[in-house]
Amino acid sequence: MAIDPVDVEVPSGPKRPPKERKQSQPKQYNHQKSGSGGCHSRIRKPVLALCKVTNAAAAAQPAKNLKAALLEAEQGNEPVDGGLLGMAAAQAGRLGLKDLLNTLCAYSWPRLSCCGGREVAELAAAASKCGCDDDRFFGFVAVYCCQYADAFGCLRDVALVATALTRKLDSKVDVASAFHGLTMVALKHLNNSRASHTQCPIRDIAEFFYSLVNLLGTSSGTALCASDVARDVIVAMATSVRPQLHKASAQDIAKTTGAASMAWTLFSQLQDQVLMPLLQELAQAVRFRHTDFNAQDVAHLSVAFAKVDGIPDFSTSLPVLLDKVLDNLAVFSSKDLSLVSWAASRSQYIGERCSGHVTKEVMRRDLSAFSAQDLCMLAQCLAKMGGRGKAALCLVAGQVFARQAQGLNTTDKVLFLWALAKCKVMHLALCRLIVRDLAVENCGSLPRDKVGLAFWSLAVVWSSLPNGETWREMLATSLLAAQPWLMAPAYEVTNAAWAFSQLPPSLSGRSWPSLLQTMSWVQPKQLSEHELCNLLFGLSSCTVQVAMFEETFVRFSGELVARLDGRYFSEHDRRLLVSAFSKQALMKSLEESMQDKIKAFLGIDAREDPSPQEPEDQTEDTVTEQQDDTNGATEPPPPPKEKTSDDKSTDWDHGHHEHQGHGFSETCCKAASCSCEEPTSSNTSDLSRLRLNYHCNYKGHCVQLKHTFIHVDCPAESDSEEDCMLCKMGRRRARSMDSKGLDIMDAEPLGPRRQAGRQQRRSGSSSSEQQAQQQAEQQ
C-alpha cells in the first residue's frame, strides 16, 4: 500500500480515526508474520545477521546479503515487515552503512504507510545521519507526518523525525506541513505526561524544541509560527524542561539554550512569563556545567548568548563561556569557527573579547578546507568587525576567487558582494566574477531585502569595474526593474537614493519617479542624521525633470535645517551635504533663510561640485538567521544596521579611476617579483602569500595575494592604528626568537609615501614615539 502522491500537500490530520488505524495496523503485521512466503522470510535472516555485527568491516557480507534480499522482495512485490526495516536501518545508521541505507530508503518510501511510527522514525534518523540524499524518501516521510502523525507513540519518535527533517529545510521537501503534524502530536504527548504526573525525557524535548524553532525561523515556517499550536507547544516544552535541568546532559543544555534564544526573537509575547525564567535557569546551568561542554556546544552557546542580550544572569555566565571560546579556538571546526565569528560580530561584548582572536584564527586556518557557506558567513562577519577583519577578509576573498565562487548560490553571492563593499575590500577580479554571475542568475527575483543589498553593493563597486564590460549594466537594469525600495524601511530608501547617485543617468533616469513616490511616504523625523544626508545627496544627483522632485528636496532640506542646531554631523556627512548643496540650481529652490543657514553651517558658496562621495552602509540585518539559526539550519546571518562613526571619512574612489584593471599594471607586477614567496606546502594558510604593495598610488592599502592585487580602504577615523589589521602588517614589532604567536606584522618596512601618510594621521602621537617608530622601520 503506497502513499498517494496526490495527498502530498495535505497538512491536516489522518483521514482515518486514530483508534481505527491503531487497530488495523497490528492486524496487518500479524497477517504478514503468519504468511509462510511473506517478505519477512526473505529479509529476516540477513537483518538478524546484520544486527549481530559490531563493526563496519564485519558488516560487509551481511549488508550485501540484505541488499540482495531487498531486491528479491522488490521483484516479488511482497508484503512489508516494518519492524525488520526499522531494525536494519538503526543498525546501518550505527555502523555508517550509507549504501545499505540508500537501498532501504529506495525500497521503503512507497511502503511507509505499512510501517509504524517507530520504524519510520528509525529509517529517517539513520538516513539523515549517514547523509542519504533521497528526496523521494524524505518527501514521503513528510507526507506520513501529515497523514499519520498519531502513529508516533512517544515524543522520542517525534524528535527523531523532526531532527531528520530539519536537515532538509533547503530542499523541496514540504517540511513545514510535516512539522504541523509533528507539533500537534508533540503537544498531545506533553499534555498527557503532565496530566499523568510523569515527565517526557529532557533529551527528547531538547531535540524537538531545537528542530522546531529552526523551522519557525525560516520563511516556510511563518504560518506555523503564527499559529496557536506553535505557541502552546513552546509553553509546554519550556514548562517541562525547567524541573529537569539538574539531570540534563551538556548537549541538552546547549540545544535548549539555542532553541530558547531563537524562540525569544520569534515569540515576543512569551518573553516575560515563559522564556525569561527558562533562560535565566539555563544561564546558571551553563555557568555550573561549563567544564562539560565540547567545542561544538561552546560554539552554539556563543550564538545563543549573542541573540539574547540584556538578561541579568547572562552577564555572569558570559565571561565563563568566553573563556571556553578562547580555549577552544584552535580545535573549532570550520562551521564552529564561523558560528563564533557570527556571535562576535553580533554582540558588542563578545566582539570586544573575541573578535581579534577570531580573525587571527581565521588567518591561521587552511581556508581550502572550509565549505562555501562557511566562507560566505565568515565574509559577512569579518565585514561587520571593521578594520580588524580586513586582512582575514582578503584571504577569504582570495579563496572564493580561487574556487571561482563555486558552491555559492545567488543569495550567497549577493551577501559576499555586500561584505566586500561594506568593508571596502576591492578584489577587482572577484567583484567582476560575482557581478557577472548575478547578471545572468536573475538576481532581481530574490527577496526584496536581498535585491536591495545587491543594488547598494553594486553602486559601491560601480566606479571600480571596467567601463567596457556590459555585465554591470545588465545587473543594474535587472535590479532597478525589481524596485527594491518599494515597501522598504526608511534606511533602505536612503541607501537606494545614494546608490542612484553612483549610476549613470541613462540607467537610473526612468526609476526616479518610483523612488520619489516612495520618498513621499517617508517621514523626515524618523531618519537619522546620516540617513538624511544620504537621501539629500542622492536627490542632488537627479538630472531629469521629475514631478515631486522639488517638493521632496525642499521637505527634507527643511528637516535638515531644523537639526542644524544641537545635532552632531560627522565629517563624512558634512562632505555629503557640501557636495549636495554646492549646486546652484538646488539652492535656488530653497527659501533664502534656509539657504543662509545651510551655507553658514557648511561654510560654502553655491557652486557646482559634482564629485561623488563614498557612503557609510546603513544596511539592516536580514539573515538570518541563515544558517542561523546559525546552529544548524543556518542561514547566514544578514548584514546589520551600522551606526555611523564620528568622522567616517574614507575615499573609496581614490585611485580606482587611475588603476582600472589593477593587478595587471606594470608597477604592481614589479612589486610581485620582489615580494611574493610561494609556500612549500599547499595545505597551509594563505597568510604566507599576503604582502603589502608599496608601489601603488592607492590611498588605502594595496594588498598582494599570490598574483592578485586587492585595494583595501584604511579607516581614517581612528587615532589608533590597532583597529586596522593591515596597518599592523606594515609595522615591525619586537618579538623574542622563540615566539610562535601569529604576528602577521612581520612584514616589510613601510615605504616613504606610506610612512609620511602614517605620520600625518598620527598627529596626536608624541615626537619621541614617532622617532622610535621611524628607526624601527628603517632597520
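Remember, predicted model here, so these are calculated numbers, not experimental data.

**Thoughts on the environment of A306**
Okay, so step 1: Within the fold, A306 resides in helix α15 (residues 295-307).
Okay, so step 2: Each C-alpha atom of the pair A306 and S347 lies 5.2 Å from the other, and the pair is 41 residues apart in sequence.

**Topic: the packing of aromatic side chains**
Okay, so step 1: Going through the model one piece at a time under the given rule, you end up with 12 aromatic pairs.
Okay, so step 2: Ring centres 5.6 Å apart and planes at 45 degrees place the aromatic pair F553 and F581 in the tilted group. Taken as a pair, F553 in helix α29 (residues 549-563) and F581 in helix α30 (residues 571-581) lie far apart in primary sequence, 28 residues in all.
Okay, so step 3: Its relative accessible area of 0% is what places F553 among the buried residues.

**Here's the deal with the side chain of S261**
Okay, so step 1: Note on placement: S261 falls in helix α13 (residues 250-266).
Okay, so step 2: Excluding residues that lie within four positions of it along the chain, S261 makes contacts with L279, A304, K307 and V308.

**Some thoughts on the nonpolar core**
Soluble globular proteins tend to pack their nonpolar side chains together in the buried interior.
Okay, so step 1: Of all hydrophobic cores here, the largest spans 234 residues; its most connected members are F137, L165, F208, I234 and F581.
Okay, so step 2: Apart from residues no more than four positions distant in its own chain, I234 is found in contact with F209, L212, V213, F267, L270 and L275.

**Some remarks on the packing of helix α10 (residues 202-216) against helix α12 (residues 228-241)**
Okay, so step 1: With their axes 10 Å apart at the nearest point, α10 and α12 run at an angle of 145 degrees to one another. Where α10 crosses over α12, the handedness of that crossing is left-handed. Counted together, I202, I205, F208, F209, L212 and V213 of α10 and V233, I234, M237, S240 and V241 of α12 form the full contact between these two elements.

**Remarks on the packing of helix α3 (residues 60-76) against helix α5 (residues 98-108)**
Okay, so step 1: The contact between α3 and α5 brings their axes to 10 Å, and the two run at 15 degrees. By the angle between their axes, α3 is roughly parallel relative to α5. For the crossing formed where α3 meets α5, the hand is left-handed. Contacts between α3 and α5 involve A63, L66, K67, L70, A73 and E74 from the former and D99, L100, T103, L104 and Y107 from the latter.
Okay, so step 2: In terms of residue class, the contact of α3 with α5 is built from seven nonpolar, one polar and three charged.

**Remarks on the pattern of salt bridges**
Okay, so step 1: Tallying each qualifying case throughout the model produces 26 salt bridges.
Okay, so step 2: We note a salt bridge from D292 to R289, for which the minimum N-O separation is 2.8 Å.
Okay, so step 3: Take D292: its relative accessible area is 43%, and that puts it in the partly exposed class.
Okay, so step 4: Through salt bridges with shared partners, a single network forms among K525, E529, E559, R563 and R567.

**Points about the state of the cysteines**
Okay, so step 1: Evaluation of the coordinates by the stated rule reveals zero disulfides.
Okay, so step 2: Its sulfur unpaired, C130 is 5.9 Å from the next cysteine sulfur, which belongs to C132.

**Quick word on helix α21 (residues 410-423)**
One turn of an α-helix holds 3.6 residues; hence residues three or four places apart share an orientation.
Okay, so step 1: Look at α21: 20 Å from first C-alpha to last across 14 residues, which is about the 20 Å you get at 1.5 Å a residue.
Okay, so step 2: Here α21 lies mainly inside the structure; 13 of its 14 residues are buried.
Okay, so step 3: At the exit of α21 stands K424, carrying a positive phi of roughly 60 degrees.

**A word on the confidence of the model for the chain**
Okay, so step 1: In the predicted model, the chain carries a mean pLDDT of 79, and 73% of its residues have values of at least 70.
Okay, so step 2: Considering only residues more than four positions removed or in separate chains, one finds that residues 620-667, a stretch of pLDDT under 50, has 180 contacts.
Okay, so step 3: Low pLDDT (under 50) marks residues 669-683, which in the prediction has 22 contacts with non-local residues, meaning those over four places away or in another chain.

Basis of the calculations
- Residues numbered from 1 in each chain as written.
- Predicted model: local features only at pLDDT ≥ 70, side-chain atom pairs only at ≥ 80, totals over all residues.
- Heavy atoms only, no water.
- Helix = DSSP H or I, 4+ residues; strand = E, 2+ residues; numbered from the N terminus.
- Phe/Tyr/Trp six-rings, centres within 6.5 Å; stacked < 30°, edge-to-face > 60°.
- Buried < 20%, exposed > 50% of the residue type's maximum accessible area, 1.4 Å probe, protein only.
- Contact = heavy atoms within 4.5 Å.
- Core = buried A, V, L, I, M, F, W, Y, C linked by side-chain atoms within 4.5 Å.
- Axes fitted to C-alpha atoms, helices over the stretch in contact; angles between N-to-C directions.
- Left-handed = near helix turned anticlockwise from the far one by under 90°.
- Parallel < 35°, antiparallel > 145°, perpendicular 65-115°, else oblique.
- Nonpolar A, V, L, I, M, F, W, Y, C, P; charged D, E, K, R; others polar.
- Salt bridge = Lys/Arg side-chain N within 4 Å of Asp/Glu carboxyl O.
- Disulfide = S-S within 2.5 Å.
- Expected span 1.5 Å × (residues − 1).
- pLDDT = per-residue confidence, 0-100.

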